[in-house]
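What follows is the residue order along each chain.
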Amino acid sequence: MYDLSHLRTFLAVSQTLSFTQAARRLGLRQSTVSQHVRRLEDATGRQLFTRDTHSVELTEDGEAMLGFARRMLEVQEQASAFFTGTRLRGRLQFGASEDFVLTRLPEILEGFRSDHPEVDLELTVELSGTLHEQLDAGKLDLVLAKRRAEDSRGELVWHDKLVWIGAERLRLDTDRPVPLIVYPPPGITRALALEALERQGRAWRIACTSGSLNGLIAAARAGLGVMAHSRGMVPPGLVRVPERVGLPELGEVDFVLVHGRRRVSAQGAADALAGAILAGGDRLHLRG
């Protein structure tokens with residue numbers, strides 16, 4: 001009933017929320033991406049996206065289709081690997097940023113380990129900036145992290161907006177410096193938050209610094225201040241800071257997969273894990 005190429009295109013659009021970015025990821029024309037989505041909507045009889053000239057958003061039916069599409073593509077990949085007899089081996093050094101601690105990334109890694117039991121997967125969880133540095137130093141084979149402003153490398157997993165979040169009961173005094181909860185340098189969201197406040201001319205102070213996302217969340221839940229965070233990953237117990245508070249816009253962020261120097265022994269495993277992450281990118285959001 002459903003064409004796998006249409007499902008693959010649907011996942012790319014749902015993760016990037018952009019027909020242009022999805023076309024770039026898939027190596028297709030934007031018109032082809034639009035055609036694939038339209039044909040999938042015809043096949044389901046439902047509208048999967050609401051879109052205008054400025055934004056693309058999933059409908060409720062689109063949200064429901066996410067899980068179905070991912071599972072159908074996973075089954076296809078598993079069947080292909082089984083019947084072609086490909087068995088990956090070797091050691092794979094994979095780095096994931098702190099942003100994904102509370103997401104379902106472990107499910108993706110568990111599925112990868114099940115499909116490729118002879119791959120020795122070594123996971124490093126760090127700040128995005130630190131992971132990029134380790135990748136450049138040849139210490140990692142594959143990184144899933146925020147894209148650095150000065151770095152155009154990486155395959156887009158998904159695109160999101162940065163927002164200010166904090167405890168629901170938190171009240172900010174406009175006459176006092178903004179209390180910030182931040183990662184230490186070279187945290188990418190830290191730099192973006194400070195730059196935005198400086199542009200606005202808004203005074204700020206550091207209320208908490210932690211290299212652990214759980215540490216930042218604990219401080220935010222305690223009402224110590226506000227933090228810049230991905231809109232699609234707002235942790236439970238925290239909410240977006242209302243616009244009436246007047247905090248500056250933080251801009252947008254890309255989460256990307258970046259390959260390191262191609263070690264022959266790790267290349268196949270890195271490509272397979274990258275494919276699994278791209279297929280399961282919807283699990284990296286904290287929906288609802």
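These lines cover the structure that appears in this document, whether it is placed above or below. (Residues numbered from 1 in each chain as written. Predicted model: local features only at pLDDT ≥ 70, side-chain atom pairs only at ≥ 80, totals over all residues. Heavy atoms only, no water.)

**What about the overall build of the protein chain?**
Per the secondary structure count, the protein chain includes nine helices and 11 strands. By the burial criterion, 47% of the 288 residues in the protein chain qualify as buried. Per element, the accessible surface of the protein chain, about 14200 Å² overall, is 49% carbon and sulfur. Positive and negative side-chain charges in the protein chain, numbering 37 and 37 respectively, have mean positions lying 1 Å apart. (Helix = DSSP H or I, 4+ residues; strand = E, 2+ residues; numbered from the N terminus. Buried < 20%, exposed > 50% of the residue type's maximum accessible area, 1.4 Å probe, protein only. Areas by Shrake-Rupley, 256 points an atom, 1.4 Å probe, with all protein chains shown as cover. Lys, Arg positive; Asp, Glu negative; His and termini not counted. Charge placed at Lys NZ, Arg CZ, Asp CG, Glu CD.)

**Some details on the pattern of salt bridges**
A side chain with one charge can pair with a side chain of the opposite charge if their charged atoms come near. Counting across every chain of the model gives 13 salt bridges. For D160, the salt bridge goes to R231, with nearest N and O atoms at 3.5 Å. Within this pair, whereas D160 is found in strand β6 (residues 155-166), its partner R231 is found in the loop between β9 (227-230) and β10 (239-240), the two being separated by 71 residues in sequence. Residue class for D160 comes out buried when judged on its relative accessible area of 5%. Judged by relative accessible area, R231 falls into the partly exposed class, the value being 33%. By sharing partners, the salt bridges in this structure join D136, R148, D151 and R153 into a single network. (Salt bridge = Lys/Arg side-chain N within 4 Å of Asp/Glu carboxyl O.)

**Some words on the packing of helix α1 (residues 4-16) against helix α2 (residues 19-26)**
Where α1 meets α2, the axes come as close as 8 Å, and the angle between the chain directions of the two elements is 130 degrees. Classed by the angle they form, the pair α1 and α2 counts as oblique. Here the hand of the crossing between α1 and α2 comes out right-handed. Contacts from R8, T9, A12, V13, Q15 and T16 of α1 reach α2 at F19, Q21, A22, R25 and L26. Class assignment of the residues belonging to the contact of α1 with α2 gives a composition of five nonpolar, four polar and two charged. (Axes fitted to C-alpha atoms, helices over the stretch in contact; angles between N-to-C directions. Parallel < 35°, antiparallel > 145°, perpendicular 65-115°, else oblique. Left-handed = near helix turned anticlockwise from the far one by under 90°. Contact = heavy atoms within 4.5 Å. Nonpolar A, V, L, I, M, F, W, Y, C, P; charged D, E, K, R; others polar.)

**A look at the side chain of S210**
With respect to the secondary-structure elements, S210 resides in the loop between β8 (204-209) and α8 (213-221). Judged by relative accessible area, S210 falls into the buried class, the value being 15%. A distance of 3.1 Å separates the side chain of S210 from the backbone nitrogen of S212, its partner in a polar contact. Beyond its immediate stretch of four places on either side in the chain, S210 contacts V182, Y183, P184, G215 and L216. (Polar contact = N/O pair within 3.5 Å; in protein donor to acceptor, adjacent residues only side chain to side chain.)

**Some words on the packing of aromatic side chains**
Within this structure, the stated rule accounts for four aromatic pairs. Taken together, a centroid distance of 6.2 Å and an interplanar angle of 65 degrees make the contact between F19 and F49 edge-to-face. Of this pair, F19 sits in helix α2 while F49 sits in strand β1 (residues 49-51), and the two are 30 residues apart along the sequence. In this pair, the class of F19 matches that of F49, namely buried. Ring centres of W158 and F255 lie 4.7 Å apart, and the angle between their planes is 20 degrees; on these two criteria the pair is classed as stacked. Separated by 97 residues along the polypeptide, W158 in strand β6 and F255 in strand β11 (residues 252-259) bring together distant segments of the chain. Each of the two residues, W158 as well as F255, counts as buried. (Phe/Tyr/Trp six-rings, centres within 6.5 Å; stacked < 30°, edge-to-face > 60°.)

**With respect to helix α7 (residues 188-200)**
Compared with the 18 Å implied by 1.5 Å per residue over 13 residues, the 19 Å span of α7 between its first and last C-alpha is a close match. Turning to α7, its buried residues number three or more, namely I188, T189, R190, A193, L194, A196 and L197. Positive phi shows up at G201, right after α7, with a value of about 75 degrees. (Expected span 1.5 Å × (residues − 1).)

**A short note on the environment of M233**
By the element assignment, M233 lies in the loop between β9 and β10. Taking the relative accessible area as the measure of exposure, M233 reaches 1% and is therefore buried.

**Some words on helix α5 (residues 105-115)**
Among the residues of α5, L105, I108, L109 and F112 are the ones counted as buried. End-on, the buried residues of α5 take up no more than an arc of 95 degrees, which puts them together on one face. Residues of α5 that are exposed and angled more than 90 degrees away from the buried face: P106, E110 and S114. (Arc of directions from axis to C-beta.)

**Quick look at the nonpolar core**
Within the largest apolar cluster, 42 residues are counted, with the highest numbers of intra-cluster contacts made by L144, W164, V226, I277 and L284. Those elements giving two or more residues to this core turn out to be β3 (90-97), α5, β5 (142-146), β6, β7 (178-182), α7, β11 and α9 (264-279). Broken down by element, this core gets its largest block of residues, seven residues, from α9. Filtering out sequence-adjacent residues up to four positions away, I277 remains in contact with F94, I108, L144, V157, L257 and L284. Counting 19 residues, the second-largest nonpolar core is a separate cluster that includes L11, A22, A23 and F49. (Core = buried A, V, L, I, M, F, W, Y, C linked by side-chain atoms within 4.5 Å.)

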